[in-house]
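# What the coordinates show
The residues making up each chain are set out below.
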Number of protein chains: 2
Amino acid sequence: MLIGELARQTGCEVETIRYYEREGLLSAPQRSASGYRRYTAEQLGELNFILHCRSLGMSLADIRNLAAFKADHQHDCEDINQLIDQQIAKVHQQVEALRLLEQQLLALRDKCHDSRAAADCGILQTLVEASEGAPCVCHTPFGQDNHGHSQDYDHAAKKNGRSNKDRP
Amino acid sequence: MLIGELARQTGCEVETIRYYEREGLLSAPQRSASGYRRYTAEQLGELNFILHCRSLGMSLADIRNLAAFKADHQHDCEDINQLIDQQIAKVHQQVEALRLLEQQLLALRDKCHDSRAAADCGILQTLVEASEGAPCVCHTPFGQDNHGHSQDYDHAAKKNGRSNKDRP
DNA sequence: CTTGACCCTGTAGTGACTACAGGGTGTGCA
DNA sequence: TGCACACCCTGTAGTCACTACAGGGTCAAG
Ligand SMILES: [Zn+2]
Ligand SMILES: [Zn+2]
Ligand SMILES: [Zn+2]
Ligand SMILES: [Zn+2]
């Protein structure tokens, strides 16, 4: 099986397959006389394993570890359980952080309902005033007074910052 | 105010401030005779505006747009409202995707409770069997039969894939 | 013999930073 | 004056998991 066929069977792009090989996740296949990669059913399984783990949000480093555990049959599986637990914890934290973010955005959105001039937009006004030290609906939850410095935002952006290139 | 002082007052790292300037988000400040950046209160506000928006999960591109709207007082604020709406939609989608992910991981986690040899770990077994085409608890929700091709995972990983370097 | 589909390597780009390397500046103290 | 030390500068390269070429080679059909 050539790389294009493997790509078709797994739904993984050709360049990604080559990338996984370069990263040492996928074992290097035999080569034809002309240098073409020739894959076996075993490597199809390997790639599906990687894709399955990726679909569960694991990093390539995690998958590398998992593959090592898979190879070492005697290994105490506690490490595997822990890896999954950490993954769950990570995802859970992200969910919580994003839910807070959604609430903050909804509170901000509520500041403007009509179509006005930008100068009169409640959203923009809130953002500008907050940048001058005023409390804001988004970072001043219900009842909180927030006199003094409301700076620093807990670096929430850093914690939630993600690339969104993969969204349309 | 030198860059270090601005960093202290905003909680933003010096290198990040220089990065924002390079990216055209922060206006270039005056320079001292020796080339040191000298910031005014206005730029402090500018930076706080950026940080506030970042903490709401906005991309630098979004913030650039928002800053442009802020400068153009006559501009119809519908564009601002829309920007926030899109941000809310994006975050909401991410929350939903991550919640599904969490459920999938919890279902998988449930496959192993003890400390056994890796060969007998229910988690690892599930992952390996799934890579050979078998249905799995994580991608075969309650009641779904999943005979035939269960491949492709909706490319969920792609949609949720994020860097986790910023988590310890 | 040409077309077109496929394959190869290697490099550079994405986003939002972060981390140096290798230098210059400014202040305080002995 | 000499020196330490904190701060500043530019420029480049690294992070993660891909993605997108550029510039070439291979192979079967028509
Ligand atoms: Zn508005
Ligand atoms: Zn706010
Ligand atoms: Zn186990
Ligand atoms: Zn699964």
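Residues numbered from 1 in each chain as written. Chains lettered and ligands numbered in written order. Predicted model: local features only at pLDDT ≥ 70, side-chain atom pairs only at ≥ 80, totals over all residues. Heavy atoms only, no water.

Chain A is annotated in an unreviewed UniProt entry as MerR family transcriptional regulator from Chromobacterium vaccinii.

### Some words on the protein's contact with DNA strand D
Spelled out, the test is: If a single non-hydrogen atom of a residue is within 4 Å of a molecule or strand, that residue counts as near it. In protein, a polar contact requires one atom able to donate a hydrogen and another able to accept it; more generally it is a pair of N or O atoms within 3.5 Å, and residues adjacent in sequence count only if both atoms are side-chain atoms. Runs of E in the DSSP output that reach at least two residues are strands. Runs of H or I that reach at least four are helices, and both are numbered from the N terminus. Classes in brief: Ala, Val, Leu, Ile, Met, Phe, Trp, Tyr, Cys and Pro nonpolar; Asp, Glu, Lys and Arg charged; the others, Gly included, polar.
Close to DNA strand D lie 20 residues, the nearest being E15 and Y20 of chain A together with G4, R18 and R37 of chain B. Near the protein, within 4 Å, the atoms of DNA strand D are sugar or phosphate in 69% of cases. Between DNA strand D and R37 of chain B, the relevant distance is 2.8 Å, taken from a phosphate oxygen to a side-chain nitrogen or oxygen of the residue. Counting only elements with at least two residues in the surface near DNA strand D, the list comes to α2 (14–22) of chain A together with α1 (3–10) of chain B. Considering each element in turn, the surface near DNA strand D owes the most residues, 4 residues, to α2 of chain A. In the surface near DNA strand D, the residues fall into 7 nonpolar, 5 polar and 8 charged.

### Quick notes on the coordination of the zinc ion (ligand 2)
Rules: In this description, a donor is an N, O or S atom within 2.8 Å of the metal centre, a cutoff extended to 3.2 Å for sodium, potassium and calcium. Water is not part of the atom list, which can make sites seem incomplete. A site with four donors is called tetrahedral when every donor-metal-donor angle falls between 85 and 135 degrees; four donors are called square planar, and six octahedral, when opposite donors sit more than 155 degrees apart and all other angles fall between 65 and 115; any other arrangement is irregular. Each residue's exposure class comes from its accessible area (1.4 Å probe, protein chains only) as a fraction of the maximum for that residue type: buried when under 20%, exposed when over 50%, partly exposed otherwise.
Summarising the metal site, the zinc ion (ligand 2) is bound by the protein donors C136 of chain A (SG), C138 of chain A (SG), H139 of chain A (ND1) and H52 of chain B (NE2), whose distances to it range over 2.0 to 2.4 Å. Seen from the zinc ion (ligand 2), its 4 donor atoms lie at angles of 92 to 118°, and the figure they make is tetrahedral. Residue C138 of chain A is classed as buried on the basis of its relative accessible area, which comes to 4%.

### Topic: the protein's contact with DNA strand C
Near DNA strand C there are 21 residues, and of these G4, R18 and R37 of chain A together with E15 and Y20 of chain B occur at the shortest range. Close to the protein, within 4 Å, the atoms of DNA strand C are drawn from sugar and phosphate at a rate of 70%. Interatomic distance of 2.8 Å between a side-chain N/O atom of R37 of chain A and a phosphate oxygen of DNA strand C. At 2.7 Å, a side-chain N or O of Y20 of chain B approaches a phosphate oxygen of DNA strand C.

### Brief notes about the relation of the copies chain B and chain A
What connects the two chain copies is a rotation about an axis and a shift along it. Applicable threshold: The copies were overlaid with a least-squares fit restricted to C-alpha atoms from residues scoring a pLDDT of at least 70 in each copy. Every residue pair with non-hydrogen atoms within 4.5 Å of one another is taken to be in contact.
Mapping chain B onto chain A leaves a residual RMSD of 0.1 Å; the transformation is a rotation of 180° accompanied by 0.0 Å of translation along its axis. Here the symmetry operator amounts to a two-fold rotation axis. An overlap of 100% is found between the interface residues of chain B and their copies at the interface of chain A, pointing to a shared contact surface.

### A few points about the coordination of the zinc ion (ligand 3)
Within the protein, the zinc ion (ligand 3) binds to C77 of chain A (SG), N81 of chain A (OD1), C112 of chain B (SG) and C121 of chain B (SG); these donor distances fall in the range 2.2 to 2.3 Å. One can describe the site at the zinc ion (ligand 3) as tetrahedral: its 4 donor atoms subtend angles covering 96 to 120° at the metal. Of this pair, C77 of chain A sits in the loop between α4 (60–71) and α5 (78–109) while C112 of chain B sits in the loop between α5 (78–109) and α6 (122–131), on two different chains. Using a relative accessible area of 0% as the deciding quantity, one classes C77 of chain A as buried.

### Points about the UniProt feature "domain: HTH merR-type" (unreviewed entry) in chain A
The cut-off we apply is this: UniProt positions are given in the numbering used here, feature names are shortened, and annotations may be inferred rather than shown by experiment.
The residues that UniProt annotates with the feature "domain: HTH merR-type" (unreviewed entry) are residues 1–69 of chain A. The distance from the first to the last C-alpha atom of residues 1–69 of chain A is 28 Å, and the span holds 61% helix and 6% strand.

### Remarks on the nonpolar core
Filter applied, for reference: Joining through side-chain atoms within 4.5 Å is the link that ties buried Ala, Val, Leu, Ile, Met, Phe, Trp, Tyr and Cys residues into a set, and such a set is a nonpolar core.
Among the nonpolar cores identified, the biggest contains 82 residues, and L66 of chain A together with L66 of chain B are the most heavily contacted of them. If sequence neighbours within four positions are ignored, L66 of chain A has contacts with F49, C53, M58, I80 and L83 of chain A together with L124 and L127 of chain B.

### Some details on the interface of chain B and chain A
How big an interface is tends to be expressed through the accessible area that disappears when the partners come together. Test applied: By buried area we mean the combined loss of accessible area, with a 1.4 Å probe, across both parts when two parts are placed together. Each reported salt bridge corresponds to a side-chain nitrogen of Lys or Arg within 4 Å of a carboxyl oxygen of Asp or Glu.
Between chain B and chain A, the contact holds 77 residues from the first and 77 residues from the second. When chain B packs against chain A, the two sides together hide about 6800 Å² of surface, and 61% of this comes from carbon and sulfur. The residue R109 of chain A makes a salt bridge to D85 of chain B at a minimum N-O spacing of 2.6 Å. Taken together, the links from chain B to chain A amount to 22 residue pairs in polar contact (both at pLDDT 80 or more). Where the side of chain B that touches chain A is concerned, the elements lending two or more residues are α1, α3 (41–55), α4 (60–71), α5, α6 and α7 (156–160) of chain B. Per-element accounting of the side of chain B that touches chain A gives the leading share, 22 residues, to α5 of chain B. Split by residue class, the side of chain B that touches chain A holds 32 nonpolar, 26 polar and 19 charged.

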